[in-house]
Amino acid sequence: MKYKRIIAFLLALVLTVSGSISAFAAADELRYFQRGVLTDGTNTAYWIIDKDNKILYLSGDGVSNANTPDYPSADQGPFAGRTDVTRIVIEEDVNYVGAYVFANMKSVDTIEIQSNLLKRENSINENAFSGDTGIRNVQGDSEVLSTNTLINAVKVGIGVFTGDWLSVVKNVINTGSDVMANDGTLDDTSVDAMVNDYITNGETVFLGNMQDVIDGYEERISNPCYSNNAFHHNYTEEVTAAPTCTETGTDTFTCSVCGDVHNETIPALGHTYVDEVFSEPTCTRRGVMEHYCSVCGDSSFTAIPALGHTEVVIPAVPASCTSTGLTAGSYCSVCGETITEQQTTAALPHNDNYVYTSSTDSYKAVCTSCNREITDFENDISALVEAEQLYSSLVPEDYSEESFSELSSVAELHKNISDGDSLQYPQFAIDREVSDILTKLSMLEPYLNLQLEGDGCSATVADSDGTRGEGTGRVLFGDYVTFTAQTDSNHRFIAWYDVNTKRYLSTETTFSYTVTSNLYIKAIAVDKTYSTLTFRGEGGQVIESISKTSADWLEVEDYEALFPKVPYKYGYTNGRWVYTERNFIDLENGYNIDIYPEYDAVDVQIPELPALIDVNTPSLSLSYVYDGSNNESVGTFIMASNVSTSCRIETIGIAYIKLPAAEFDPTDVNLIVNNQVTTARFPGVSDSGLYILNVRNLSRKNNWAVKGYMTYLDTYGRLRIAYTNQINIVNKTAI
């Protein structure tokens, strides 16, 4: 058995200087200790003697790999001639025992080695125990005790290499032994064999005294299979327990000469698995693969991915002046399902140029079919060109058909101005057409991504027209959707979780929501036997949650090892989770627990609110504060808003794009809320009109373009979007 370290304890009990003897009095006992240091200026070890129990402890006193010095002779050993020690304990931090350290200690009968460092060869000098002829028992790990270094040191100690070794052995050998010579002395060869057998007795070495070894030796030499200090059995092998796929077997070996029997374990065979298609996949439905053992039938099932459609493109049919056209479509050549529905495109306008008039001006337009007269006008069409380029960059499918059709009809109607000879048009007409395009652009209704998942339950969503679905899809900006979760009898519904903002939206199984940004929603349910530990930010957003059974919570030894990093918070430092021991007791009793952080406030600069320019439109500004003081990529977006009472706020958030720095110029992008950007809502609303979103790890591999936005209902109840200035982040700094 490994002893606990006691040197430090014993040294604390010694009241006098090194090398002296002092008495220590306990409540009802009196014990004596002596301590000292073995050192030559380079190698150092510490010792202490328990005088009452006659034990000498050798230690590094907390110094790993302690070495003792070498001494020149047995007479000059530090303990030579002492008779008050019967047991030597070499503790676990000793790396080397030098020459003659324990020499001429004839009262020592037991050596205990706790140090695994001594299992190396040459870790004990062969003269370390020189003259210790009373050694009868050496204890320790078999890897240490079986080293040649230790064996040689013990042989030298008990004198088996000196002229008096025979008398040493005879003192513990039964004089009636069969190996006695006729003259009453031991046969030298037999005694030598017994001594070596004593020194290296089987798998454990130096256990018991020499008489036990000699008794065992006589028993072994009586075995017909024992010769030359070793057994030479003639075993036959028989499988007495056959192995299975998961269970080990037994191989029994029996000696045909002496009947000795021992067993060996046959490893388990392991499963022989075969894969077989249980059900074939189709274009849209996954298949099932069975993975089973052909020997014992153990099986499991995995999904085979759906094959996916084999798409065939139907070319678009261009529209003309006299007929409508069709957009490109596609269908699956395998199952025939329509993949992309062809949409009718409006007929192109005729090349008619209309005559515009006003109270101060008039002009004629030329029709290519009737050769009307053309009048040249001075004008600037740069704003019209930019408006048309913005329109051309949009993807029609990203917006409602009605709103994009209104934009398309206006933009296409006026496109011939910039494509043709613009001098035919007066400036007011061009300005009016620019205004028409920009107005329709501001009224676009984008389609937004909706990803819906169920974790421990099923989840569906119904849009405003009652269409129900699950998984991933698109919803129209401003659409009012209803989410529904269904759990089985074994699960308990937790909440609807917004993955983008890391917040619980509702704890009800059914709740409704006005969609104003891309959504990634999870319906979370857990086994009813589980209790949940949730870490939340101050705004209520979920940082991390962990669910376990009460039994599993009871097995947790270090709760703090489960804690996530405390969220960064602008204007505060020294974030820490606030909890009590009662929280963990409640978890272990099946209760759900929320833990929140607290911080120390520091002085920071707060942006000013922007001036309200239009009572019908919110005034917004966005700033970014980068904080690298704690060697982390953390920072804060702060949106300042000024909103009149005529506007009712629906949502407040940011839109952003991040792309690899080598591929993206963040100054050359115009962010709007659609499927091309990611959106995240601010977690809280403050009275001052400041909204704060703390972010972590803005990777320096990317450039970022960020813009704040606010959705609101105007005085007519229509849902509108207002945007802030755009921030471009390069190398994690605002520019």
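The following paragraphs examine the structure supplied in this document. (Residues numbered from 1 in each chain as written. Predicted model: local features only at pLDDT ≥ 70, side-chain atom pairs only at ≥ 80, totals over all residues. Heavy atoms only, no water.)

Counting its regular elements, the chain contains 11 helices and 43 strands. For the chain, the proportion of its 735 residues judged to be buried stands at 40%. Put simply, 58% of the contacts in the chain that link residues at least 6 apart link residues at least 24 apart. With the model as given, the accessible surface of the chain reaches about 39,100 Å², and the carbon-plus-sulfur share is 48%. (Helix = DSSP H or I, 4+ residues; strand = E, 2+ residues; numbered from the N terminus. Buried < 20%, exposed > 50% of the residue type's maximum accessible area, 1.4 Å probe, protein only. Contact = heavy atoms within 4.5 Å. Areas by Shrake-Rupley, 256 points an atom, 1.4 Å probe, with all protein chains shown as cover.)

It is worth spelling out the nonpolar core at this point. A general feature of soluble globular proteins is that nonpolar side chains tend to end up buried together. Counting 35 residues, the largest nonpolar core has L58, I90, V97, F102, I113, I124 and F129 as the members making the most contacts within it. Where this core is concerned, the elements lending two or more residues are strand 3 (44–50), strand 4 (55–59), strand 6 (87–90), strand 8 (110–113), helix 2 (142–145) and helix 3 (148–158). Per element, the largest residue contribution to this core is four residues, and it comes from helix 3. Setting aside anything within four residues of it in sequence, one finds L58 in contact with L38, A45, Y46, W47, T68, V89, I90, E91, V94, V97 and F102. (Core = buried A, V, L, I, M, F, W, Y, C linked by side-chain atoms within 4.5 Å.)

Further remarks concern the side chain of D586. Relative to the helices and strands, D586 is located in helix 11 (residues 581–588). Other than its neighbours up to four places away in sequence, D586 contacts Y591 and I593.

Within a beta sheet, neighbouring strands are joined by backbone hydrogen bonds and run either parallel or antiparallel to one another. If you walk across this open sheet you meet the three strands as 12-13-14, and the pairing is antiparallel. Here the strands that pair on one side only, and so sit at the sheet edges, are strand 12 (235–241) and strand 14 (261–266). With strand direction ignored, the average angle separating the axes of adjacent strands in the sheet is 25 degrees. (Pairing = 2+ DSSP bridges. Axes fitted to C-alpha atoms, helices over the stretch in contact; angles between N-to-C directions.)

Below, the discussion takes up the pairing of strand 35 (residues 593–601). Note that strand 32 (residues 530–536) and strand 35 share three bridges and pair parallel. When the sheet's bridge partners are listed, F535 is paired in strand 35 with I595. Sheet topology places strand 34 (residues 572–578) next to strand 35; five bridges connect them, and they run antiparallel. Within strand 35, the position partnered with T573 by the bridge is D600.

So, on to the packing of aromatic side chains. In the structure shown here, the tally under the stated rule is 23 aromatic pairs. Measuring from ring centre to ring centre gives 5.8 Å for F102 and F129, while their planes differ by 10 degrees; the resulting arrangement is stacked. Linking F102 in the loop between strand 7 (94–96) and strand 8 with F129 in the loop between strand 8 and strand 9 (137–140), this pair joins segments that are 27 residues apart in sequence. Given a relative accessible area of 0%, F129 falls into the buried group. When the ring of F535 is compared with that of F563, the centres are 5.1 Å apart and the planes differ by 65 degrees; the resulting orientation is edge-to-face. Placement of the pair is F535 in strand 32 and F563 in the loop between helix 10 (550–555) and strand 34, with a sequence separation of 28 residues. (Phe/Tyr/Trp six-rings, centres within 6.5 Å; stacked < 30°, edge-to-face > 60°.)

Now for helix 7 (residues 382–392). Listed as buried for helix 7 are L384, A387, E388 and Y391. The buried residues of helix 7 occupy one face: seen down the axis, they fall within an arc of 95 degrees. Opposite the buried face of helix 7, by more than 90 degrees, sit the exposed residues E386 and Q389. (Arc of directions from axis to C-beta.)

All of the buried residues along helix 11 are N583, F584, D586 and L587. Down the axis of helix 11, the sector holding all buried residues measures 155 degrees, keeping them to one side. Residues E581 and R582 are exposed on helix 11 and point more than 90 degrees away from its buried face. On the buried face of helix 11, the contacting elements are strand 32, helix 10 and strand 35. Directly beyond the C-terminal end of helix 11, a positive phi value near 95 degrees is found at G590.

For the rest of this paragraph, the subject is a nonpolar patch on the surface. On the surface, V602, V604 and I606 cluster together to form a nonpolar patch covering roughly 210 Å² of accessible area. Within the element layout of this structure, V604 appears in the loop between strand 35 and strand 36 (619–627). (Patch = residues over 30% accessible without salt bridge, like charges linked within 9 Å, V, L, I, M, F, W, Y side chains within 5 Å. Salt bridge = Lys/Arg side-chain N within 4 Å of Asp/Glu carboxyl O.)

Now for the side chain of S619. Along the chain, the position of S619 falls in strand 36. In terms of polar contacts, S619 uses its side chain to reach the backbone carbonyl oxygen of A611, at 2.9 Å. Dropping the residues within four chain positions of it, S619 is found in contact with P610, A611, L612, I613, A640, S641 and N642. (Polar contact = N/O pair within 3.5 Å; in protein donor to acceptor, adjacent residues only side chain to side chain.)

Bringing the state of the cysteines into the picture now. All told, the structure shown has zero disulfides when counted by the stated rule. Here C258 is not cross-linked by a disulfide; its sulfur's nearest cysteine counterpart is in C255, at 3.7 Å. Looking at C258, the relative accessible area reads 28%, which means it is partly exposed. (Disulfide = S-S within 2.5 Å.)

This brings us to the sheet that holds strand 18 (residues 311–314). Pairing in this open sheet of three strands is antiparallel, and the strands run 18-20-21 from one edge to the other. The two strands at the open ends of the sheet, each matched to only one other strand, are strand 18 and strand 21 (338–340). Between one strand and the next, the sheet's axes are offset by a mean angle of 30 degrees, whatever the strand orientation.

Further remarks concern the pattern of salt bridges. Tallying each qualifying case throughout the model produces 13 salt bridges. Linking D586 and R582 is a salt bridge whose minimum nitrogen-to-oxygen distance equals 2.8 Å. Residue D586 and its partner R582 are both found in helix 11; the two are separated by four residues, about one turn of the helix. Classification of R582 by relative accessible area gives exposed; the value is 53%. Several salt bridges converge on common partners, so that one network encompasses K51, R82 and D84.

Turning our eyes to something else, we now look at the environment of Q486. Considering the arrangement of structural elements, one finds Q486 in strand 27 (residues 480–486). Apart from residues lying up to four places away in sequence, Q486 is in contact with C457 and S458.

Here A462 is to be found in strand 24 (residues 458–462). Since its relative accessible area comes to 11%, A462 is described here as buried. Taking the C-alpha atoms as reference points, A462 and T482, separated by 20 residues in sequence, lie 5.2 Å from one another.

A few words now on a negative patch on the surface. On the surface, D552, E555, E557, D558 and E560 cluster together into a patch of negative charge. Position of E557 among the secondary structure elements: in the loop between helix 10 and strand 34. (Lys, Arg positive; Asp, Glu negative; His and termini not counted. Charge placed at Lys NZ, Arg CZ, Asp CG, Glu CD.)

Once that is clear, we can look at unusual backbone geometry. Positive phi, normally seen in glycine, also occurs at Y100, with a value near 60 degrees. By the element assignment, Y100 lies in the loop between strand 7 and strand 8. You can call Y100 buried: its relative accessible area is 17%. Notably, N574 is not glycine yet its phi reads approximately 55 degrees, a positive angle.

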